[in-house]
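An overview of the molecular structure
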Amino acid sequence: MTLAPARPAHLDSQLLALAVADTARAGSLTFLVGDEVLTYRASGDTVTEHQVPDGDTVVRLEPAAWHDLVAQLRTPINLLLGGVLDFERGGFDQLAAWDRVLRYLHAGFPPYSADRTDLRGRDVRATMTLADPDAELRAQLDTMGYLHVRDVFTAAEMAVANAAVDELAARATKGDDESWWVGTDEGDKLCRLVYSTLRSEALRRLEQDLRLARLGRLLDADAIVTPDRMEGSAVLIKVPGQTQGLSNIPWHQDCGMGGHAILCPAVSIGIQLTGSTAGSGNLLMVPGSHGQTLPYQWHSRSDVPVVEIDTAPGDVTVHVQDVMHASPKPTGAGGRRTMYVTFYPRTLTDHVGPGQAFNDLVRNRTAEVAGLA
Ligand SMILES: [Fe+2]
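Residues numbered from 1 in each chain as written. Predicted model: local features only at pLDDT ≥ 70, side-chain atom pairs only at ≥ 80, totals over all residues. Heavy atoms only, no water.

**Overview of the overall build of the protein chain**
Across its full length, the protein chain holds 11 helices and 18 strands. Considered along the principal axes of its C-alpha atoms, the protein chain spans approximately 65 × 45 × 40 Å. Evaluated residue by residue, the protein chain yields a buried proportion of 53% over its 373 residues. Within the protein chain, counting contacts between residues at least 6 apart in sequence, those at least 24 apart form 79% of the total. If you sum the accessible surface of the protein chain, you get close to 15800 Å²; carbon and sulfur atoms cover 51% of it. Considering the protein chain, the positive charge centre built from 33 side chains and the negative charge centre built from 47 side chains are found 2 Å apart. (Helix = DSSP H or I, 4+ residues; strand = E, 2+ residues; numbered from the N terminus. Buried < 20%, exposed > 50% of the residue type's maximum accessible area, 1.4 Å probe, protein only. Contact = heavy atoms within 4.5 Å. Areas by Shrake-Rupley, 256 points an atom, 1.4 Å probe, with all protein chains shown as cover. Lys, Arg positive; Asp, Glu negative; His and termini not counted. Charge placed at Lys NZ, Arg CZ, Asp CG, Glu CD.)

Encoded structure:
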């Protein structure tokens, strides 16, 4: 019996070759799962599977963890932070370099390439308004994996929301499990309020606003908001300067901590309470990258288009959770505030209970996460 899951029915040899090209340098990879062995070897344009434990990297994990990896419930970083990977040879970097191949072979997620991404002649920087028809909003979101909608909320509405954030921020304390903090030269600073709408009626009204529901359900008419799980609706506050921890989120997909099979294709709406620029800390996107896998550490070595999204107060951004995106260090005074309201597949609540979130793996683990980065 082999551990290797069945390959995708419509495996494309060119796509496999694309994934293999940047994995080959990581050498071969062996999984030891219970008494079973599976070694992947990149060979030419393809990958072969063997039952000899001779990989350049050898990782041992329990059958349940292997199942979760193959089923796209847990990612390599999730398994690492969960303490369930035991490297007998090699290390995490080699496993992560293989992820692009594994995701294609295990689940059919194609490797991303800018050349193969069809943006249907659309403008990667297009902005829209609520006056645009649903079909047009949907086409932009579906093509790019994100959408920028201007003037959704008024200045007065944003003032009310900011006052509510001020109140929650004043009450937040490090370790309260309702907030995220980062270290700075001037001490710890608040960078995120989670489950915010459980503590603020004003923010709850914003979360339940029909304008958001329209945008959040462009791709899935049955999608739901979950104020009491998955960190509910969180408010991000960009802290300026050098920080230790997760205020500036490097390139990621929102299912990067795990849960792709449960969460995606969720859609997150960012209500821009302050607007955003590079100076205050804005959002970066790789257009058309949703549902695909980029090479490990691609940003330091490949030619991938990146779009900056600058916004005004009252605008919203909408993104498919597995589009590749980042929230870099502010180049100026920081201070961007964005409230994220996420619309999940209705089945999410079958798998994630109240108070649970994949981010539980990193919340309150500032030092450990900074070490990884
Ligand atoms: Fe994100």
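**A closer look at the pattern of salt bridges**
Inspection of the entire model under this criterion finds 17 salt bridges. Its salt-bridge partner being E88, residue R60 comes within 2.9 Å of it at the nearest N-O pair. With a gap of 28 residues between them, R60 in strand β4 (residues 57–61) and E88 in strand β5 (residues 86–89) connect regions that are remote in the sequence. Given the relative accessible area of 33%, R60 is considered partly exposed. The shortest N-O distance in the salt bridge between E201 and R204 comes to 3.2 Å. On the criterion of helical spacing, the pair formed by E201 and R204 is a turn pair, its members being 3 residues apart in helix α7 (residues 201–207). A relative accessible area of 43% places E201 in the partly exposed class. (Salt bridge = Lys/Arg side-chain N within 4 Å of Asp/Glu carboxyl O.)

**As for the coordination of the iron ion**
Taken together, H252 (NE2), D254 (OD) and H325 (NE2) make up the full set of protein donors to the iron ion, lying 2.0 to 2.1 Å away. The sequence pattern describing where the donors of the iron ion fall on their chain is H-x1-D-x70-H. (Donors = N, O, S within 2.8 Å, 3.2 Å for Na, K, Ca; no water.)

**Section: the sheet that holds strand β1 (residues 29–33)**
Taken together, 5 strands build an open sheet; the order of strands is β3-β2-β1-β4-β5 and the sheet is mixed. Among the strands making up the open sheet, the edge pair consists of β3 (46–50) and β5. For this sheet, the mean inter-axis angle between neighbouring strands, taken without regard to orientation, is 20°. Where β4 and β5 come together, 3 bridges link them in antiparallel fashion. Residue pairing in the sheet places V58 in a bridge with R89 of β5. Helix α2 (residues 63–70) contacts β1, β2 (36–43) and β4 of the sheet and is inclined by roughly 130° relative to β1. (Pairing = 2+ DSSP bridges. Axes fitted to C-alpha atoms, helices over the stretch in contact; angles between N-to-C directions.)

**Section: the domain arrangement of the protein chain**
Domain assignment breaks the protein chain into domain 1 (13–107) and domain 2 (116–372). Distance from the C-alpha centre of domain 1 to the C-alpha centre of domain 2: 30 Å. Counting from both sides, the interface comprises 21 residues of domain 1 and, opposite them, 20 residues of domain 2. Between domain 1 and domain 2, roughly 1700 Å² of surface is buried when both sides are summed, and carbon and sulfur atoms account for 60% of that area. The largest share of the area that domain 1 buries against domain 2 comes from L81, R100 and R103, three residues that together contribute 35% of it. (Domains from an automatic or database assignment. Buried area = accessible area lost by both parts, 1.4 Å probe.)

**A short note on the pairing of β1**
Counting buried residues along β1, 5 of its 5 residues qualify, which places the element largely inside the surrounding structure. Here β1 shows two buried faces, one formed by L29, F31 and V33 and the other by T30 and L32. Bridge analysis of β1 against β4 gives 5 bridges, and the strand direction is parallel. Bridge pairing in β4 places L32 opposite R60. With antiparallel pairing between neighbouring strands as the criterion, β1 and β2 make up a hairpin whose turn holds 2 residues, including G34 at a positive phi of roughly 60°.

**Observations regarding empty space enclosed by the protein**
Applying the stated criterion to the full structure yields 2 cavities of 30 Å³ or more. In this structure, the largest cavity occupies an estimated 60 Å³ of space. Lining the largest cavity we find L69, Q72, R74, T75, P76, D99, L102, R103 and H106. In terms of residue count, the dominant contributor to the lining of the largest cavity is helix α4 (residues 92–107) (4 residues). Roughly 50 Å³ of internal volume is contained in the second largest cavity. Surrounding the second largest cavity, G216, L219, D220, A223, P265, A266, V267, F343, Y344 and P345 form its lining. Looking at the lining of the second largest cavity residue by residue, the classes come out as 8 nonpolar, 1 polar and 1 charged. (1 Å grid on protein atoms, 1.4 Å probe; cavity = no way out; pocket = protein on both sides within 12 Å on 5 of 7 lines; lining within 4 Å. Points joined across faces, edges and corners; volume = space filled by probe spheres on them. Nonpolar A, V, L, I, M, F, W, Y, C, P; charged D, E, K, R; others polar.)

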